[in-house]
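Structural description and commentary
Each chain, letter by letter, is given below.
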Amino acid sequence: WVDLQAMMTVSAVNGQRLCRLAVSDITELKRAAEALLRVEALEAMNTALENEISHRRTVEKSLRESRRKQSSLLKQSQRMEEELRMLSQQILHSQEEERKRISHDLHDEIAQTLVAINVHLAQLALSAASNPKDIANQIVATQKMVEQSAASVHRFAMALRPSHLDDFGFLPALRNYLKEYTNQTLIPAELAGTQKLDPMADTAAVVLFRVAQAALTNVAQHADANRVIVNIEQTPRFIIMEINDDGKSFDVKKALAGFKMNRLGLIGMRERVEMVGGKFVIASSPGKGTTICVTLPRTGKSSVAQATNITHL
């Protein structure tokens, strides 16, 4: 490699025009330039390779995270499927137990009372001719039996679907239930918080009432509590119900994950609340008892299917 530098000049001796040429060996310079180009090309390739490696690492990391998420979602799905299967079994078991209880109550109270009424009516027929004065007393006794039967039927109807809930709304129905609960269990149950609620959807009222029923039933059966306070509050966006007792505490996670029959109420409460877009929280600690908090959206609209499912739960 050479470098040629030429220029025209004029001789100072005779004024002749000349061409002056300089030839320089630039082999090393060219080699250095080629080496620099190769280095730059290698650097560009290294940069591209590093970028590719970084990209692949990012992709691999994303794939690993995706696999972990998929694995976690799969486990969660399997757990939820297991929960639903167990919940279905427990609901069926609970329904059968409830049918059995109602059947026994109907037999022990209604059927026996009706048999007694029939006996009294037969005695009335016999006494009509032989002892007319005793008829009045027997009629009074028979009327009392009829009243007892009517009261039993009313109690069964209230347990299945409180008429106060349809006739007067959620708060009056809850007040009436707490009064009957206190009379039956001897555990004082108080209603605190707001004394007036804006009109709410029937689905929300049913959810709140059934959760209160299930929670207080658990208190009576398991908590060994001395009192229960039900607090109702409303905000522009939510209706909040807190149920607090001063009874024995328990491990909430184990209770919700153990699928024990005596914890069906907790799972059922959570399912009811979550089906209408609400939030269900339980806190339980020694010395402080248990608090159940239910938060329902005031503006949320549940589908007909959701309302139907809730009605049958």
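Residues numbered from 1 in each chain as written. Predicted model: local features only at pLDDT ≥ 70, side-chain atom pairs only at ≥ 80, totals over all residues. Heavy atoms only, no water.

1. Describing the overall build of the protein chain
- Looking only at helices and strands, one finds eight helices and seven strands in the protein chain.
- Summarising the internal contacts of the protein chain: among those between residues at least 6 apart in sequence, 62% fall at separations of at least 24.
- Accessible surface, the protein chain as shown: approximately 21,000 Å² in total, 56% of it carbon and sulfur. (Helix = DSSP H or I, 4+ residues; strand = E, 2+ residues; numbered from the N terminus. Contact = heavy atoms within 4.5 Å. Areas by Shrake-Rupley, 256 points an atom, 1.4 Å probe, with all protein chains shown as cover.)

2. Notes on the environment of Pro 286
- With respect to the helices and strands, Pro 286 occurs in the loop between β6 (279-285) and β7 (289-297).
- Residue classification places Pro 286 among the exposed residues on the basis of a relative accessible area of 71%.
- The sequence separation of Pro 286 and Phe 250 amounts to 36 residues, and the corresponding C-alpha distance is 8.0 Å. (Buried < 20%, exposed > 50% of the residue type's maximum accessible area, 1.4 Å probe, protein only.)

3. Notes on the packing of helix α4 (residues 170-185) against helix α5 (residues 202-223)
- One way to put it is that α4 packs onto α5 with a least axis distance of 11 Å and a crossing angle of 15°. Here α4 lies roughly parallel to α5, going by the angle between them. For the pair α4 and α5, the crossing hand works out as right-handed. Within the contact between the two elements, α4 uses Phe 170, Ala 173, Leu 174, Tyr 177, Leu 178, Tyr 181 and Thr 185 and α5 uses Ala 205, Leu 208, Phe 209, Ala 212, Gln 213, Leu 216, Thr 217, Val 219 and Ala 220.
- Looking at the contact of α4 with α5, its residues break down into 13 nonpolar, three polar and no charged. (Axes fitted to C-alpha atoms, helices over the stretch in contact; angles between N-to-C directions. Parallel < 35°, antiparallel > 145°, perpendicular 65-115°, else oblique. Left-handed = near helix turned anticlockwise from the far one by under 90°. Nonpolar A, V, L, I, M, F, W, Y, C, P; charged D, E, K, R; others polar.)

4. Focus: the pattern of salt bridges
- Enumeration according to the criterion identifies three salt bridges in this entry.
- Among the salt bridges present, the one from Arg 31 reaches Glu 28, with a minimum N-O distance of 3.2 Å. In this pair, Arg 31 and Glu 28 both sit in helix α1 (residues 27-130), three residues apart, roughly one turn of the helix.
- Residue classification places Glu 28 among the exposed positions, given a relative accessible area of 56%.
- Among the salt bridges present, the one from Arg 298 reaches Asp 198, with a minimum N-O distance of 2.6 Å. In this pair, Arg 298 sits in the loop between β7 and α8 (304-312) while Asp 198 sits in the loop between β3 (189-193) and α5, placing the two residues 100 residues apart along the sequence.
- Asp 198 gets classed as partly exposed once you look at its relative accessible area, which sits at 36%. (Salt bridge = Lys/Arg side-chain N within 4 Å of Asp/Glu carboxyl O.)

5. Digging into α5
- In this model, α5 (22 residues) spans 30 Å end to end at C-alpha, consistent with the 32 Å of a helix rising 1.5 Å per residue.
- Within α5, 16 of the 22 residues are buried, which leaves it mostly tucked inside the rest of the structure.
- In the segment just after α5, Asp 224 is the residue with positive phi, at about 55°. (Expected span 1.5 Å × (residues − 1).)

6. Observations concerning the pairing of strand β4 (residues 228-234)
- Bridge count for β3 against β4 is five bridges, and the pairing is parallel. Paired with Glu 190 across the two strands is Ile 229, which belongs to β4.
- Where the polypeptide runs from β3 across α5 and back to β4, its parallel neighbour, the crossover connection is left-handed.
- Connecting β4 to the antiparallel partner strand β5 (residues 238-245) that follows it, the hairpin turn spans three residues. (Pairing = 2+ DSSP bridges. Right-handed = clockwise from strand over helix to strand, strands pointing away.)

7. Digging into the nonpolar core
- With 44 residues, the main nonpolar core has Phe 170, Leu 216, Met 241, Ile 243 and Val 294 as its most contacted residues.
- Elements with a minimum of two residues in this core: α4, α5, β4, β5, α6 (252-257), α7 (264-275), β6 and β7.
- Counting residues per element, this core draws most heavily on α5, which supplies twelve residues.
- Setting aside residues up to four positions removed in sequence, Met 241 forms contacts with Phe 170, Leu 208, Val 211, Ala 212, Val 230, Asn 231, Ile 232, Ile 292, Cys 293 and Val 294. (Core = buried A, V, L, I, M, F, W, Y, C linked by side-chain atoms within 4.5 Å.)

8. Quick notes on the environment of Ala 192
- With respect to the helices, strands and loops of the structure, Ala 192 is situated in strand β3.
- Sequence separation between Ala 192 and Asn 231 is 39 residues; the distance between their C-alpha atoms is 4.5 Å.
- With residues up to four places along the chain from it excluded, the contact list for Ala 192 reads Ile 229, Val 230, Asn 231 and Ile 232.

9. What to know about the sheet that holds β4
- Taken together, five strands build an open sheet; the order of strands is β3-β4-β5-β7-β6 and the sheet is mixed. Two strands close off the open sheet at either side, each with one partner strand: β3 and β6. Direction aside, the axes of adjacent strands within the sheet are offset by 15° on average.
- Note: β4 against β5, seven bridges, orientation antiparallel. Bridge pairing in β5 links Gln 234 to Ile 239.
- Along the sheet, α4 contacts β3, β4 and β5; its crossing angle with β3, the most-contacted strand, is approximately 150°.

Nothing here speaks to function; it is all geometry.
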